[in-house]
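Each chain is listed here by its residues.
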2 protein chains.
Amino acid sequence: MTPPRKMVSEERGKSRPGLTREAIIAAALEIVDEEGLEALSMRHLGSVLKVDPMAIYYHIPNKSALLDGLIEAVMGEIDLSLDDPSLPASERIVLAAHIYRDVMMAHPQAVQVIAINNLNTRESFRPVEYLMDIFLGAGFSPHRALAAVNIFGRFVRGFVLFEVHQIFAEEAAACHGCAPTESLQQLLPVEEFPRMNEVMASVGALGTVDEFDLGIRALVDGMFATFYEDEDQMSVNEDQT
Amino acid sequence: MTPPRKMVSEERGKSRPGLTREAIIAAALEIVDEEGLEALSMRHLGSVLKVDPMAIYYHIPNKSALLDGLIEAVMGEIDLSLDDPSLPASERIVLAAHIYRDVMMAHPQAVQVIAINNLNTRESFRPVEYLMDIFLGAGFSPHRALAAVNIFGRFVRGFVLFEVHQIFAEEAAACHGCAPTESLQQLLPVEEFPRMNEVMASVGALGTVDEFDLGIRALVDGMFATFYEDEDQMSVNEDQT
DNA sequence: ACCTGAACACCGTTCAAGT
DNA sequence: ACCTGAACACCGTTCAAGT
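In this text, all values refer to a predicted model and were calculated from it rather than measured experimentally.

Reading the values: the criteria
Residues numbered from 1 in each chain as written. Chains lettered and ligands numbered in written order. Predicted model: local features only at pLDDT ≥ 70, side-chain atom pairs only at ≥ 80, totals over all residues. Heavy atoms only, no water. Least-squares fit on C-alpha atoms with pLDDT ≥ 70 in both. Contact = heavy atoms within 4.5 Å. Salt bridge = Lys/Arg side-chain N within 4 Å of Asp/Glu carboxyl O. Helix = DSSP H or I, 4+ residues; strand = E, 2+ residues; numbered from the N terminus. Buried < 20%, exposed > 50% of the residue type's maximum accessible area, 1.4 Å probe, protein only. Phe/Tyr/Trp six-rings, centres within 6.5 Å; stacked < 30°, edge-to-face > 60°. Near = heavy atom within 4 Å. Polar contact = N/O pair within 3.5 Å; in protein donor to acceptor, adjacent residues only side chain to side chain. Nonpolar A, V, L, I, M, F, W, Y, C, P; charged D, E, K, R; others polar. Domains from an automatic or database assignment. Buried area = accessible area lost by both parts, 1.4 Å probe. Expected span 1.5 Å × (residues − 1). Patch = residues over 30% accessible without salt bridge, like charges linked within 9 Å, V, L, I, M, F, W, Y side chains within 5 Å. Areas by Shrake-Rupley, 256 points an atom, 1.4 Å probe, with all protein chains shown as cover. Lys, Arg positive; Asp, Glu negative; His and termini not counted. Charge placed at Lys NZ, Arg CZ, Asp CG, Glu CD.

As a further point, take the relation of the copies chain A and chain B. Of the two same-sequence chains, chain A is brought onto chain B (RMSD 0.1 Å, axial shift 0.0 Å) by a rotation of 180°. Each copy turns onto its partner about a two-fold axis. With an isologous cut-off of 70% or more, the 97% of interface residues of chain A that recur at the interface of chain B puts this contact in the isologous class.

Below you can see the structure in the form of structure tokens.
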């Protein structure tokens, strides 16, 4: 029925290289990076690994666990040593945001997996712990520090998710020979959307890195300006499910 | 006379009610709300509509267009008349964020479609135009106003996306009989994650509405505090792809 | 212990054909 | 104009069987 499904025996007596979880995940990430997320099927993955597709199920329970592996792999690329503890706390957080964004932007095709799913491995929580330390060190209450890391994480992941989504959309539109602003302008008539047209006329394309920096700085500034306030009124709703 | 593609004949003659784009999208939204996004297949949709699944393709080109229809439908629920123009601009933006969040939270199962895809219908852009007007009216430069609406939109959609994701994850965990905090605590040993444990011990569960409010207020405060600054250094990178 | 291959129950989409 | 039904080329996953 439910026998001890332990994976023991990691001794390397067997010269058999065989299939490993790591090799599978690495191959999966390569497929996603090079051919896109929709190209990642168990069958295709099996053919890349030169193995019967079903062999994968011996090492990984299902596709969702495979995607978790992708998240783990990319989160593992975050290099916390890039932090500079001599900087003011708010600057360290802005820096952390850029580091986080950079590793995600290095795998644009994987972003919709990385950004959407919740973290659920120990490895993925190391950066969270690190960030929590900065917030607490800056004098945030535990309650506010927790809120801050949640808000931070949602901001960064959300921003990057939509950033790559927009990039892909623009590429697709470019393939069809129409500039993105053009297609927007023909969708939005001036009479009904005066403000949008006003802005589109005077601005042109935007640098998304700058926009990200602008946004994260506004958020961090705002959090440091408002999170030290009295939080009594919040503890009322604190115990909801 | 004219051959407009709009077949209005909804009256007598053909007592046949027939299939309409609207009815299809309404049924699709109902499926998603009640059975979840993964239950939305063309075949299932056809069976709900008591029609051959392939009949749908006569009215809607493909599934992706069907999902666009869902977005349009939900965005159409946004009620701009809830705004109060007598409030200060920053408060109106916070209010707008809550309105936006509320319509998305009314369709939690559809959020991963609504929040992830870019807007691409005229109807969906009406709230954007409205918001742009508020930012411009508050004295933001066109450049900064555009950045502000982008950042605003990404914040709200990202936040709600992860909020519902977390809710679903907690429900799933609850079904397995383990409290969410418990499972986190056993994943994160105290020695390696002292800060996380410190916070989890003293905080407990969080009210997500409060967290959202805290976050959007921090962001808006920050934007109003920093977006009036000189923006010369930004125009340098303005013309990237 | 590790891998195979057939099979099951699904998908989205195309297309010739019906009314 | 609107709908049908068979068919195509895929999925993820299970399971008995091979080595």
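So, about the pattern of salt bridges. Evaluation of the coordinates by the stated rule reveals 20 salt bridges over all chains. A:E91 is the salt-bridge partner of A:R217, the closest N and O atoms lying 3.1 Å from each other. Of the two residues, A:R217 is situated in helix α11 (residues 208–226) and A:E91 in helix α5 (residues 89–105); the sequence distance between them amounts to 126 residues. For A:R217, a relative accessible area of 31% corresponds to the partly exposed category. With a closest N to O distance of 2.9 Å, B:D213 and B:R217 form a salt bridge. Here B:D213 and its partner B:R217 are both found in helix α11 (residues 208–226), four residues apart, which amounts to about one turn of the helix. Taken together, the shared-partner salt bridges connect A:E91, A:D213 and A:R217 into one network.

Time to look at the packing of aromatic side chains. Summed over all chains, the structure comprises 15 aromatic pairs over all chains. With 5.2 Å between their ring centres and 70° between their planes, A:F159 and A:F212 make a pair best called edge-to-face. Linking A:F159 in helix α8 (residues 142–175) with A:F212 in helix α11, this pair joins segments that are 53 residues apart in sequence. Both residues of the pair, A:F159 and A:F212, count as buried. Ring geometry for B:F140 and B:F227: centres 5.8 Å apart, planes at 55°, overall tilted.

As a further point, take the protein's contact with DNA strand C. Taken together, 18 residues lie near DNA strand C, and A:D52, A:H59, B:R43, B:Y57 and B:K63 sit nearest. A share of 52% of the atoms of DNA strand C within 4 Å of the protein falls on sugar and phosphate groups. Contact distances for DNA strand C include 2.9 Å between a phosphate oxygen and a side-chain N or O atom of B:Y57. For the surface near DNA strand C, the secondary structure elements donating two or more residues are α3 (56–59) of chain A together with α2 (42–48) of chain B. Among the residues making up the surface near DNA strand C, the classes are represented as nine nonpolar, four polar and five charged.

Inspection of the secondary structure puts B:E163 in helix α8 (residues 142–175). Between the C-alpha atom of B:E163 and that of B:D221, which follows or precedes it by 58 residues, the distance is 22 Å. Dropping the residues within four chain positions of it, B:E163 is found in contact with A:R154, B:R101, B:M105, B:T208 and B:V209.

Close to DNA strand D lie 19 residues, the nearest being A:R43, A:Y57, A:K63, B:D52 and B:H59. Of everything in DNA strand D that lies within 4 Å of the protein, sugar and phosphate atoms constitute 55%. Contact between DNA strand D and A:Y57: a phosphate oxygen at 2.9 Å from a side-chain N or O atom of the residue. A distance of 2.8 Å is found between a phosphate oxygen of DNA strand D and a side-chain nitrogen or oxygen belonging to A:K63. Every element with two or more residues in the surface near DNA strand D is listed here: α2 (42–48) of chain A together with α3 (56–59) of chain B. Counted by class, the surface near DNA strand D contains ten nonpolar, four polar and five charged residues.

Next up on the list: the domain arrangement of chain A. Residue and element names in this part refer to chain A. Splitting chain A by domain gives domain 1 (21–61), domain 2 (79–180) and domain 3 (183–211). Each partner contributes residues to the interface: domain 1 has five residues there, and domain 2 has five residues. Both faces considered, domain 1 and domain 2 share a buried interface measuring about 430 Å² in area, 66% of it formed by carbon and sulfur atoms. Linking domain 1 with domain 2 are zero salt bridges, by the criterion used here. Applying the counting rule to domain 1 against domain 2 returns one residue pair in polar contact (both at pLDDT 80 or more). Here the residues of the side of domain 1 that touches domain 2 sort into three nonpolar, one polar and one charged.

When the terminal C-alpha atoms of helix α4 (residues 63–75) of chain B are compared, their 19 Å separation across 13 residues agrees well with the 18 Å that a helix rising 1.5 Å per residue should span. Contacts made by the buried residues of α4(B) are with α1 (21–35), α2, α5 (89–105), α6 (111–114) and α7 (122–137) of chain B.

What follows concerns a negative patch on the surface. Taken together, the side chains of A:E30, A:D33, A:E34, A:E35, A:E38 and A:E77 make up a negatively charged region of the molecular surface. With respect to the helices and strands, the residue A:E77 is situated in the loop between α4 (63–75) and α5.

The next subject is the environment of B:E211. Topologically, B:E211 is positioned in helix α11. Each C-alpha atom, one on B:E211 and one on B:A115, is 18 Å from the other, the two residues being 96 residues apart in sequence. Polar contacts involving the side chain of B:E211 include one to the side chain of A:R154, which spans 3.3 Å.

With that out of the way, let us pick up the side chain of A:N197. One can find A:N197 in helix α10 (residues 194–203). Ignoring any residue separated from it by four or fewer positions in sequence, one finds A:N197 in contact with A:Q185, A:L188, A:P189 and A:V190.

Attention shifts here to the interface of chain A and chain B. The interface is formed by 67 residues belonging to chain A together with 66 residues belonging to chain B. With both sides pooled, the region where chain A packs onto chain B buries about 6,300 Å², and carbon together with sulfur makes up 66% of that total. Our count for the contact surface shared by chain A and chain B stands at four salt bridges. A salt bridge links A:R154 to B:E211, with the shortest nitrogen-to-oxygen separation between them at 3.3 Å. Taken together, chain A and chain B are joined by 14 residue pairs in polar contact (both at pLDDT 80 or more). Secondary-structure elements contributing two or more residues to the side of chain A that touches chain B are α7 (122–137), α8, α9 (180–187), α10 and α11 of chain A. Counting residues per element, the side of chain A that touches chain B draws most heavily on α8(A), which supplies 19 residues. Here the residues of the side of chain A that touches chain B are counted per class, giving 33 nonpolar, 18 polar and 16 charged.

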